[in-house]
Each structure stands twice: as structure tokens, then as C-alpha cells.
Amino acid sequence: MFKTTSYCNQDCAYCYYRKPGRSPHSPGVISLEMLENFIPRYMKFVAPSGEASFGWQGGEPTLAGLHFFKSIVEMQHRHGIAGTVVSNDIQTNGILVDEEWATFFSDYRFLVGVSLDGPEDVHNMMRPSPAGSGSFSQAMAAIEVLRKNDFDLNILSVVGPHNVHLADRLLSFFVSEGFSHIQFLPAMNFSARAPDQPADYLVNTSDLADFLKTSFDIWYGDGYPRFSIRTFDSFLQSYLGLESGLCIHASQCDPGLVIETGGDVYPCDFYLQPRFRVGNISSDPIEELVHHTLRLAFIQQKKNLPDACRSCRWQRICNGGCPRNRAGLGTDCLCGSYDALFEHADTRFRQLAERMKRRSRFLKERNRRRALGHPPPGRNAPCLCQSNRKHKKCCGHPALMQSYLFREEP
């Protein structure tokens, strides 16, 4: 992940980068010259995997300018190696996103996340411009222009004092707007440059637990969720016996690299201190950055779970949470929120996981029979997933195709 720029055109009250400010030794925008040196080496390094991923965050990354990103994709194309799929994702507040930006994102298949904390009065409480005016109308204008270019938007909503008691209202708004992918992020009240200090959030565990439980009930609905909430998707992966899609709840810390505007590399943006620096993309070979002993130890630190986590019944689901949140506490400071959610939702998570397993068995058997020329099962025939239920009441249930979890790719 690249910290594209340390500048921002908003003054969000909960931004954990705003208090310490950027380092006086770190430039405001990562240089194209530095990236021209790095990208060809990176493309060569990842070629065996067939995937080259680039994440662009800030500050506000669009402040680097559209020319900057056009130069990036030109470099990616020029230095790309045959057989490598290149992906770009960007997280933006949307203020600068207009038709030209949207067309560019569409042409180059950027995955775009827009920050939106809820309806206008809620969003504007914590996300003003530096002049003090609200930014809701600008965010929604960006969303509309992106929609015209056929984007499946990711909505990032920070949960803080302004909206933690409004889960019903937030989800009602997001659903009414037709957002298909939503991510909630608890608002933090600490500096990313002080990882040894106890983590402090702007919401308490009880309020966050209530928020998560209410959100889960709405998301789960009739058992066929219609829209994605990333937190619940990640927990569902764990219930399925898969690796969580969120580093917070995965078995190990994210193996990616965080690259600051000056090229310094860290294992995580919560650990931006000199003692966690593993090198610089301008001066160090990628192989050395990736295999740096400090980084490898960082990735594996979750194996050293405290006793409270090891004995917890939910350990295999949450994997001890984020090590950053355990500083000075022993367990994740949000542990109480997760515990309350699992107590509330465990049975339904299990039911949903079992339904997904049946669906997988159904598709495998259906495709096998289809290859042999057999007709599809009738509505009243036994379901091919071997559930001993009629097809129409099981994997042929009408609600199944309305859920993103079961819908087949075209």
C-alpha cells in the first residue's frame, strides 16, 4: 500500500494522522521518479505469482493529481510482464472526483472506495472541509459520477460517537442508496506512530457491540444477505474454515508492505516508527524488504497469543484480534465487542456457513451431471446437495439468487 500523499482536503475530527502531522523529512507526495525506479523491479518480483497489486491511500490520494495516476498506469503497462494481472485500488473522500476521474478509474478498472459516514447530517458532523463546511454533497456527487461509469463501489464508514448509536439509520440509508459493499471502521483516538501505547477508540466496547449486533441482524435478514459488510464476510470465512479476509482477524498479520511518501517501508501503517522501518524502495532490493527479519517476525507475531485468547471459545474465529490493540492490555481492546457479537450471532453464522457448504456441493454435482448431459433437477426433486430437502426449498430457493453469497458469476 502506498501512502500517495500526506496532504488532505478534509479535516476529519477522528483522523489518526492529523494530530502528529506528517514528518518534516517526508515529502507531501510520493515522487514519480521513485516509482519509475520501483515499479519495474516490483513487476519482475511478482511475475511468478501472476498478480501485481497496488493500493493508493493518503491523506487524500487524488490530491496527487490525475496526471500522477495516468503516469502510474503508463509505468505499469510499460514495465508489465506478460501473464501478470495488474490491479489498483484507491480510497478517496471523493471531493475531487469528477467525470474525468471516473472515466479514468473505469478505463483502468480501479477498485474505488469512497468514505461516507451515513446520511448528510451524520456524515458532516465529523468530516468537514478545512473551511468547516460539510462534505456530504461532494461525496455523493462523486458516487453518482462513479455510478454512471458502472462502478461497484466500496463504502468505508467510520464508526464514532456521531453514528455508533445509529446503526439502523445508517444501514437504512446505505441500503436505500443501493450500496453493495460496506466496510465499518471504529474511530481511533491514537497516533499510528505510538504502537506501544494502549489503543484508545472513540467508541466504547458496549456501544460498538450494540452497533455490530444491530448491523448483523439487518445484514443477515432472512438468511440470504443482499449486501456485503466486510466485517461479517471475514467472520463468515472463519466459520467456513477459511483464512479471514481481514488482517485483524486472520491467523497472521498482513504480509503486505506500507510505503510512505518518502519511500520508507513499514510492515503496517499502525507501526510507523523508526524501529519498525524495514528499508526504502529507492535504496533496497525488494527481496530484502520482503524477507527482512523484522517484517517476517511482525507477520508471525499473532502466534504468540495471550492465555486469555488461547482459552477463548471464539479464538479460531477472531484469532486474537489486532496486536496493535493489545498493547498494554493483553487482549484486543475491542474484545468485548466481538464477544458480544458472537454470542448474539453464532447460531446464524453457523447456519449460513452450512448453507454455503451445501450450495458448493450442489454446484459441484450439478456441473458434473451437466457435463454428462443430464437435465437440471426439478423443483420437487431431492436437492443435489444431499440435504434430503426438495430442490425448491434448498439450493433452488428463490431468495438464494438474490444474495451476493450464492449468486453465480455470469
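Rules behind the numbers
- Residues numbered from 1 in each chain as written.
- Predicted model: local features only at pLDDT ≥ 70, side-chain atom pairs only at ≥ 80, totals over all residues.
- Heavy atoms only, no water.
- Pairing = 2+ DSSP bridges.
- Helix = DSSP H or I, 4+ residues; strand = E, 2+ residues; numbered from the N terminus.
- Patch = residues over 30% accessible without salt bridge, like charges linked within 9 Å, V, L, I, M, F, W, Y side chains within 5 Å.
- Areas by Shrake-Rupley, 256 points an atom, 1.4 Å probe, with all protein chains shown as cover.
- Salt bridge = Lys/Arg side-chain N within 4 Å of Asp/Glu carboxyl O.
- Lys, Arg positive; Asp, Glu negative; His and termini not counted.
- Charge placed at Lys NZ, Arg CZ, Asp CG, Glu CD.
- Expected span 1.5 Å × (residues − 1).
- Buried < 20%, exposed > 50% of the residue type's maximum accessible area, 1.4 Å probe, protein only.
- Contact = heavy atoms within 4.5 Å.

## Details of the pairing of strand E2 (residues 51-57)
Both strand E1 (residues 2-3) and E2 contribute to a ladder of two bridges, which runs parallel. Across the sheet, residue lysine 3 finds its bridge partner in E2, namely glutamine 57. Bridge count for E2 against strand E3 (residues 85-92) is six bridges, and the pairing is parallel. Its bridge partner lying in E3, tryptophan 56 is registered against isoleucine 90.

## Considering a nonpolar patch on the surface
On the surface, Tyr7, Leu63 and Leu96 cluster together into a nonpolar patch covering about 240 Å² of accessible area. As for its position among the elements, tyrosine 7 is in the loop between E1 and helix H1 (32-46).

## Brief notes about a positive patch on the surface
A cluster of like positive charges, contributed by Arg379, Arg389, Lys390 and Lys393, occupies part of the molecular surface. Examined against the element boundaries, lysine 393 turns out to sit in the segment after helix H13 (335-371).

## A closer look at H1
For H1, built from 15 residues, the straight-helix expectation of 21 Å at 1.5 Å per residue is met to within 8% by its first-to-last C-alpha distance of 20 Å. Those residues of H1 lying buried are Met34, Leu35, Phe38, Ile39, Tyr42, Met43 and Val46. In this structure, the buried residues of H1 make contact with E1, E2, helix H2 (66-79), E3, strand E8 (258-259) and helix H9 (286-290).

## Digging into the pattern of salt bridges
Note on pairing: side chains with opposite charge can pair once their charged atoms come close. Scanning the entire structure with this criterion turns up 16 salt bridges. Between glutamate 144 and arginine 147 there is a salt bridge, with its nearest N and O atoms 3.0 Å apart. Here glutamate 144 and its partner arginine 147 are both found in helix H5 (residues 136-147), three residues apart, which amounts to about one turn of the helix. Classification of glutamate 144 by relative accessible area gives partly exposed; the value is 35%. Looking at arginine 147, the relative accessible area reads 26%, which means it is partly exposed. Salt-bridge contacts for glutamate 343 lead to arginine 313; the nearest nitrogen and oxygen are separated by 3.3 Å. Remark: arginine 313 occurs in the loop between helix H11 (307-310) and helix H12 (315-318) and glutamate 343 occurs in helix H13; sequence separation between them is 30 residues. Overall, the relative accessible area of 48% leaves glutamate 343 in the partly exposed class. Given the relative accessible area of 55%, arginine 313 is considered exposed.

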